[in-house]
Every structure is written in structure tokens, then in C-alpha cells.
Amino acid sequence: MQWFSIRLMGALLGISLVTGPVEAGAAKVATTRTERCTNLSRQVDEALETHAASTQVAAAKALQRKGNRFCANKKQAQGIRMFANALKLLGVTPVDPDAVPAKTDLHAKEKKP
């Protein structure tokens, strides 16, 4: 009976080791394409308000409408491209919530003269 309890404890330990890191890594959930469509459409709305005098407003609105149609028809990749193109026309860089900011190398070697 003792061997059974040792095996059971070993199995439980193995399970806890396997599930531990998975739970810790699950804290950050990537944005879905549908959420990305919604976020980018909002960004286009904001850019249209702040760049209302731009000569590209009509073209950006047309791209936004296309993007909304693509996203509604489960073609999010095409919709995301339309939104990104609309933002570029207005001179705005799309904000990606999943992008990892560039790390600053605090220990960079100094350049020798």
C-alpha cells in the first residue's frame, strides 16, 4: 500500500509542475482578431475626428466602411488591413495592444573612441 501512496504523490507532484507554469502564462491573453477589428475601428474614428481637415478623410472613411464589412463577414484579416490603411492615409500609426515595447538595454557596452 505504501508504494501506491508514493506513486500517487509522485503523480500529483507531476501534475502540479505541469499545470503551474500554464496557469501563470495564461494571465496575458492575446487580443482576438474580432477585438482587433473593434479597436482599430475606434482608432480610425478618433483619427477622423483629430484629422478632420485632412484631404484623405473621404478615402479613410471608405476604407473604414470596407474594414467594418470584412470584419462583420468573418474576414478579420482583410478588415484589419483596411483599418490600418485608413490610419496610414491620415498619418496615424495603428496601436497594437499585443505589441511588446522595445527593451532598453541598460547594460549596453559603451562605444570606444
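Keep in mind it's a predicted model, so treat the numbers as computed, not measured.

Topic: helix 4 (residues 76–89)
With 14 residues, helix 4 extends 20 Å from end C-alpha to end C-alpha; this agrees with the ideal 20 Å at 1.5 Å per step. Three or more residues of helix 4 are buried, namely Q76, G79, I80, M82, F83, A84, A86 and L87. The inward-facing, buried residues of helix 4 abut helix 2 (33–50) and helix 3 (57–72). Looking one or two residues beyond helix 4, the residue adopting positive phi is G91, at roughly 80°.

A look at the confidence of the model for the protein
Confidence along the protein averages 78 in pLDDT terms, with 62% of residues attaining 70 or more. When pLDDT is averaged over each element of the protein, helix 3 comes out on top at 96 and helix 1 (residues 2–25) at the bottom at 50. Under a pLDDT of 50 for its full length, residues 15–20 has, in the predicted model, zero contacts with residues more than four places off or in other chains.

Digging into the packing of helix 3 against helix 4
Following both chains from N to C, one finds helix 3 and helix 4 inclined at 165°, their axes separated by 7 Å at the closest point. By the angle between their axes, helix 3 is roughly antiparallel relative to helix 4. The crossing of helix 3 and helix 4 is left-handed. Counting all contacts with helix 3, which are made through A59, A60, L63, Q64, K66, G67, N68, F70 and C71, the residues of helix 4 involved are Q76, Q78, G79, I80, M82, F83, N85, A86 and L89. Tallied by class, the residues present in the contact of helix 3 with helix 4 amount to 10 nonpolar, seven polar and one charged.

Side note on the nonpolar core
Core analysis: the largest hydrophobic core is formed by 15 residues, its most contacted members being V44, L48, F83 and L90. Elements represented by at least two residues in this core include exactly helix 2, helix 3 and helix 4. Setting aside its immediate chain neighbours within four residues, V44 contacts Q64, F83, A86 and L87.

Looking at the side chain of Q64
For Q64, the position within the fold is in helix 3. Non-local contacts of Q64, meaning those with residues more than four positions away in its chain, are made with S41, V44, D45, L48, F83 and A86.

Thoughts on the state of the cysteines
Per the stated rule, a full pass over the model turns up one disulfide. Paired by a disulfide, C37 and C71 hold their sulfur atoms 2.0 Å apart. Residues C37 and C71 share a disulfide whose torsion about the S-S bond is about -75°; that sign makes it left-handed. You can see C37 sitting in helix 2 and its partner C71 sitting in helix 3, a full 34 residues away along the chain. Like C37, the residue C71 is buried in the burial classification.

Cut-offs used in this document
- Position numbers for residues count from 1 along each chain, tracking the sequence in the order it is written.
- The model is predicted, so local features are restricted to residues of pLDDT at least 70 and side-chain atom pairs to those at 80 or more, both for listing and for counting; the totals for chains, interfaces and linings are taken over all residues.
- Processing note: side-chain calculations cover all non-hydrogen atoms of the structure and skip hydrogens and water entirely.
- Under the scheme used here, helices are H or I runs from DSSP no shorter than 4 residues and strands are E runs no shorter than 2 residues, and both carry numbers assigned from the N terminus.
- For a helix, the expected span equals 1.5 Å multiplied by the number of residues minus one.
- Only protein chains enter the accessibility calculation, which uses a 1.4 Å probe. A residue is then buried if its area is under 20% of the maximum for its type, exposed if over 50%, and partly exposed in between.
- Working rule for contacts: check all heavy atoms of both residues, and any pair within 4.5 Å makes them a contact.
- A score from 0 to 100, pLDDT tells how confident the predictor is in each residue.
- Axis definition: a line fit to C-alpha positions, over the contact stretch in the case of helices; interaxial angles, taken between N-to-C directions, run 0 to 180 degrees.
- Every angle not falling under 35 degrees, over 145, or within 65 to 115 is termed oblique; those three ranges are roughly parallel, roughly antiparallel and roughly perpendicular.
- If you view the pair so one helix is near and one far, a crossing is left-handed when the near helix is turned anticlockwise from the far one by less than a right angle, and right-handed when it is turned clockwise.
- Gly falls in the polar group here, along with every residue not listed as nonpolar (Ala, Val, Leu, Ile, Met, Phe, Trp, Tyr, Cys, Pro) or charged (Asp, Glu, Lys, Arg).
- The criterion is simple. A nonpolar core is a set of buried Ala, Val, Leu, Ile, Met, Phe, Trp, Tyr and Cys residues joined through side-chain atoms within 4.5 Å.
- Any pair of cysteine sulfurs within 2.5 Å is marked as a disulfide.

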